[in-house]
Amino acid sequence: MTKAQIIATGMELGVDYALTSSCYDPGPTGATCGQCDSCLLRQKGFRENGIEDPLRRAATSSSF
């Protein structure tokens with residue numbers, strides 16, 4: 001499955017993606033780096049599904 005397919009399946013199953021992360025280089029507070037391969041694939045998968053990544057939204061609205 002592609003990352004987009006995995007995300008779509010997870011959405012159908014009710015996965016709360018705000019609670020998930022697979023960043024290879026998180027910061028001291030656990031915030032994702034947004035630049036590693038894992039972060040970029042996640043961003044692409046959400047973009048291909050036409051939805052905003054709830055983890056990115058949470059990170060930009062908090063004071064990490």
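Quick note: structure is the one above.
Note that this is a predicted model, so its numbers are computed, not measured.

Draft legend 1. Quick peek at the side chain of aspartate 53. Among the structural elements, aspartate 53 can be located in the loop between helix H2 (37–48) and helix H3 (54–61). For aspartate 53, a relative accessible area of 6% corresponds to the buried category. Within polar-contact distance, the side chain of aspartate 53 engages the side chain of arginine 42 at 2.6 Å. Once residues lying within four places of it in the same chain are set aside, the contact partners of aspartate 53 are Arg42 and Phe46.

Draft legend 2. Layout of H2. For H2, with twelve residues, the first-to-last C-alpha span of 16 Å sits near the 16 Å given by 1.5 Å per residue. By the burial criterion, the buried members of H2 are Ser38, Cys39, Arg42, Gly45 and Phe46. Within H2, the buried residues cover an arc of 125° as seen down the axis, which keeps them to one side. Along H2, exposed side chains directed more than 90 degrees from the buried face belong to Asp37 and Arg47. Positive phi appears at glycine 50, one or two residues downstream of H2, with a value of about 70°.

Draft legend 3. Region of the structure containing the state of the cysteines. Overall, the coordinates contain zero disulfides when judged by the stated rule. Here cysteine 33 stays free of any disulfide, with the sulfur of cysteine 23 as its closest cysteine sulfur at 3.6 Å. Cysteine 36 takes part in no disulfide bond, and the closest cysteine sulfur to it belongs to cysteine 39, at a distance of 3.7 Å. Residue class for cysteine 36 comes out buried when judged on its relative accessible area of 12%.

Rules and cut-offs
- Residues numbered from 1 in each chain as written.
- Predicted model: local features only at pLDDT ≥ 70, side-chain atom pairs only at ≥ 80, totals over all residues.
- Heavy atoms only, no water.
- Helix = DSSP H or I, 4+ residues; strand = E, 2+ residues; numbered from the N terminus.
- Buried < 20%, exposed > 50% of the residue type's maximum accessible area, 1.4 Å probe, protein only.
- Polar contact = N/O pair within 3.5 Å; in protein donor to acceptor, adjacent residues only side chain to side chain.
- Contact = heavy atoms within 4.5 Å.
- Expected span 1.5 Å × (residues − 1).
- Arc of directions from axis to C-beta.
- Disulfide = S-S within 2.5 Å.

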